[in-house]
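# Notes for the structure review
Take a look at the letters that make up each chain.
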Amino acid sequence: MTLSGKVSKTKRDQDQFVRHTETFLSQEQIKLARDDLDYWGRDWTRSFEVAPLAIAFPTSTEQVVELVQLANAEGYRLVPSGGRTGLSGGCVASNHEVVVSFDRMNRILGFNSVDRLVLCQAGVVTAQLQQFAVEQGLFYPVDFASSGSSQIGGNIATNAGGIRVIRYGLTRDWVAGLKVVTGNGDVVVANQGLIKNATGYDLRHLFIGSEGTLGLIVEAEMQLRAPPEPHRVMVVCVTSLNDLLSILQCFQHSLQLSAFEFFSDFAMSKVLNHRGLDRPFSTVTKYYALLEYDESDADVATQAFSECVKNGWIVDGVLSHSTLQSERLWELRDGITESIAADSPYKNDISVRISEVPGFLDDVGSVVEKHYPDLEVCWFGHIGDGNLHLNILKPPDLEISEFQDRCRAINPLLFELIQKRGGSISAEHGVGLLKRDYLRFSRSKGEIERMKAIKDAFDPNGIMNPGKIFAPNGDESA
Ligand code: MLT
Ligand code: ZN
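In this report, we go over the structure that sits alongside the text. (Residues numbered from 1 in each chain as written. Chains lettered and ligands numbered in written order. Predicted model: local features only at pLDDT ≥ 70, side-chain atom pairs only at ≥ 80, totals over all residues. Heavy atoms only, no water.)

Attention shifts here to the site of ligand 1. In the vicinity of ligand 1, the contacting residues are Leu87, Arg333, Thr337, Lys347, Phe380, His382, His389, Glu428 and His429. Residue His389 places a side-chain N or O atom 3.1 Å away from an oxygen atom belonging to ligand 1. A distance of 3.0 Å is found between an oxygen atom of ligand 1 and a side-chain nitrogen or oxygen belonging to Glu428. Surface burial for ligand 1 is 88%, taken as the share of its 260 Å² of free accessible area covered by protein chains. For ligand 1, the cavity whose grid points lie within 2 Å of the majority of its atoms is the largest cavity. (Near = heavy atom within 4 Å. Polar contact = N/O pair within 3.5 Å; in protein donor to acceptor, adjacent residues only side chain to side chain. Areas by Shrake-Rupley, 256 points an atom, 1.4 Å probe, with all protein chains shown as cover. 1 Å grid on protein atoms, 1.4 Å probe; cavity = no way out; pocket = protein on both sides within 12 Å on 5 of 7 lines; lining within 4 Å. Sits in = over half its atoms within 2 Å of the grid points.)

Dropping the structure here:
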């Protein structure tokens, strides 16, 4: 078929979609322009082709139901889209799908101060919920570098983690109820803000982390809590990855940390260059850890710091004395993703149990040295919960496809190490398109079969985010 033939077929399909939706969506609720398709058809990954048919912007649950019913009747495939900050291609539309954007379902619908529950539409931005909580004198604790754009629906669909998991848990722990339009067009209300509800399967937890493959989350009741004390932050200089765990244990023995993050000197240098910041200390070591704790624990933290110095685990450090200083230190960690974005990083988001971290770091270190000797590797992550981000950076003179092929060739080696230690090939970014061919390294054949059976039950026609989590040809369990 000629290019013009393809273009006119797409145009015909788009015209048909507009006709099919004209009874329930206005013209302003559909975007078809090339720039818009590119923008809403992708997430923060840049390695996948983007080719959606159309972008739809429903404003109500009823319109979402209409879209799902239409998709079943006419064979459209739907890709949910939140803040598009995902890093695994979970909301990439590369195959003429209709993207369902929640940008216009972004209202907070209600708040109950006794239950401390906020009813959010799926498109509420994380920072909007955090700010709403502050205005009520409360706190929403799940936080990430992408809080300014990521949406609650997307956070739930990926069970997003972030920087304070060691104290406050994952998104899952703050979802008290969900309203979901399933792949067959039913509206399911899963738990209704109840703390105790022992009435069989808790479907809420099936939808959390399902990456839009079972249905579209339209509303969520999110739990808030009392605000924490002001935090203090310490960044410490560390020469060996293995010492990180000793430091973690030493601090956790005497106080409750709210974050224990690590980054390499290379990662910090990238942030300093990118943001034009000065080094916070003159000592240069291979690694740094950022620790966050309550202000009232400042003295105990200083004692733990001295003990770590005495044991040779920490060689230097700097600590904040104000909220502003804490924020400046957090920049060193929060700025990493954006500072390496121009290097087209190949991202690995992997986890093992905390007790496995030292051995696992050694294993991964050997693979990196052996297979990436000429490539720059940017290490960082949430070491306090066993989650490491291993980013391989593309050299400027290497073609992107060649670079990705090289990284993909190493994946099985890395993932076998993870499998041996009972870890996960995707700790918090989801499977999406990026990891679907490797699912077998973290899930058994039986588990994958059962997951597919669950998908069939909620989405019998396979219209919900097709090609995500499971490879279309079933190779993920090969
Ligand atoms: C982070 O920890 O900053 C996020 O997971 C983003 C990333 O891995 O780049
Ligand atoms: Zn992360």
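Right, let's talk about the sheet that holds strand 3 (residues 78–81) for a bit. Strand order in this open sheet of four strands is 1-2-4-3, and the pairing throughout is mixed. Taken across any chain shown, the strands that pair with only one partner, and hence form the sheet edges, are strand 1 (30–31) and strand 3. Here strand 3 runs beside strand 4 (residues 98–101); their pairing, made up of four bridges, is parallel. From the neighbouring strand, Pro80 faces strand 4, where its bridge partner is Val100. (Pairing = 2+ DSSP bridges. Helix = DSSP H or I, 4+ residues; strand = E, 2+ residues; numbered from the N terminus.)

Another aspect to go through is the packing of aromatic side chains. Applying the stated rule across the entire model yields 12 aromatic pairs. Consider the rings of Phe207 and Phe458, whose centres lie 5.2 Å apart with planes at 65°: the pair is edge-to-face. Highlighted residues: Phe207 in helix 7 (residues 204–207) and Phe458 in helix 15 (residues 445–458), separated in sequence by 251 residues. No difference in accessibility class separates Phe207 from Phe458, as the two residues are buried. Between Phe263 and Tyr288 the ring centres are 6.0 Å apart and the planes differ by 40°, which places this aromatic pair in the tilted class. Residue Phe263 is found in strand 11 (residues 257–264), and its partner Tyr288 is found in strand 12 (residues 287–294); the two are separated by 25 residues along the sequence. Here the two residues Phe263 and Tyr288 agree in accessibility, since each one is buried. Of the aromatic side chains, those joined through ring pairs into one cluster are Tyr39, Trp40 and Phe57. If you follow Arg104 out to its NZ or CZ, it ends over the ring of Phe57, 4.5 Å from the centre. (Phe/Tyr/Trp six-rings, centres within 6.5 Å; stacked < 30°, edge-to-face > 60°. Buried < 20%, exposed > 50% of the residue type's maximum accessible area, 1.4 Å probe, protein only. Lys NZ or Arg CZ within 6 Å of the ring centre and 35° of its normal.)

What follows is about the pattern of salt bridges. Here the structure, examined in full by the defined rule, presents 21 salt bridges. The partner of Arg279 in a salt bridge is Asp265, and the shortest N-O contact between them spans 3.1 Å. Separated by 14 residues along the polypeptide, Arg279 in the loop between helix 9 (265–275) and strand 12 and Asp265 in helix 9 bring together distant segments of the chain. According to the relative accessible area criterion, Asp265 is buried, its value standing at 17%. (Salt bridge = Lys/Arg side-chain N within 4 Å of Asp/Glu carboxyl O.)

Computed from the structure, the largest pocket encloses a volume of approximately 880 Å³. Taken together, 35 residues line the largest pocket, and the ones lying closest to its centre are Arg172, Ile208, Gly209, Val431 and Arg443. The set of elements that each furnish at least two residues to the lining of the largest pocket consists of helix 7 and helix 15. Broken down by element, the lining of the largest pocket gets its largest block of residues, five residues, from helix 15. Across the lining of the largest pocket, the residue classes tally to 14 nonpolar, 13 polar and eight charged. Lining the second largest pocket are 25 residues, and of these Phe139, Asp143, Arg164, His231 and Glu327 sit closest to its centre. (Points joined across faces, edges and corners; volume = space filled by probe spheres on them. Nonpolar A, V, L, I, M, F, W, Y, C, P; charged D, E, K, R; others polar.)

On to the coordination of the zinc ion (ligand 2). Every protein donor of the zinc ion (ligand 2) is accounted for by His382 (NE2), His389 (NE2) and Glu428 (OE), and the metal-donor separations fall at 1.8 to 2.1 Å. Motif for the zinc ion (ligand 2), donor spacing along one chain: H-x6-H-x38-E. Here His382 matches His389 in class, with each residue buried. (Donors = N, O, S within 2.8 Å, 3.2 Å for Na, K, Ca; no water.)

On to the environment of Tyr287, then. By secondary structure assignment, the location of Tyr287 is in strand 12. Given the relative accessible area of 10%, Tyr287 is considered buried. For the pair formed by Tyr287 and Cys237, sequence separation is 50 residues and the distance between their alpha carbons is 6.2 Å. For Tyr287, the contacting residues outside a window of four places in its chain are Val236, Cys237, Val238, Thr239, Ser240, Leu241, Phe262, Phe263, Ser264 and Asp265. (Contact = heavy atoms within 4.5 Å.)

This part is about the state of the cysteines. In protein chemistry, a disulfide is the covalent bond that joins the sulfur atoms of two cysteines. Applying the stated criterion across every chain yields a total of zero disulfides. Not part of a disulfide, Cys308 finds its nearest cysteine sulfur in Cys250, a span of 3.7 Å. Exposure remark for Cys308: the relative accessible area of 0% places this residue in the buried category. No disulfide involves Cys378; its nearest neighbouring cysteine sulfur is the one of Cys407, lying 13 Å away. (Disulfide = S-S within 2.5 Å.)

Turning to helix 9, its buried residues are Asp265, Ala267, Met268, Lys270, Val271 and Leu272. Directly after helix 9, the chain includes Gly276, whose backbone phi takes a positive value near 65°.

Their axes nearest at 8 Å, the elements helix 9 and helix 11 (residues 323–334) cross at an angle of 110°. In terms of axis orientation, helix 9 runs roughly perpendicular to helix 11. Here helix 9 contributes Met268, Val271, Leu272 and Arg275 to the contact with helix 11, which in turn contributes Glu331, Leu332 and Asp334. Of the residues contributing to the contact of helix 9 with helix 11, the split by class is four nonpolar, no polar and three charged. (Axes fitted to C-alpha atoms, helices over the stretch in contact; angles between N-to-C directions. Parallel < 35°, antiparallel > 145°, perpendicular 65-115°, else oblique.)

A few words on the sheet that holds strand 7 (residues 175–182). Taken in spatial order, the five strands make up an open sheet running 5-6-9-7-8, and their pairing is antiparallel. Strands with a single pairing partner mark the edges of an open sheet, and in this sheet they are strand 5 (108–112) and strand 8 (187–192). Between one strand and the next, the sheet's axes are offset by a mean angle of 15°, whatever the strand orientation. With four bridges joining them, strand 5 and strand 6 (residues 117–121) adopt antiparallel strand pairing. By the bridge assignment for strand 6, Asn112 is matched with Leu117.

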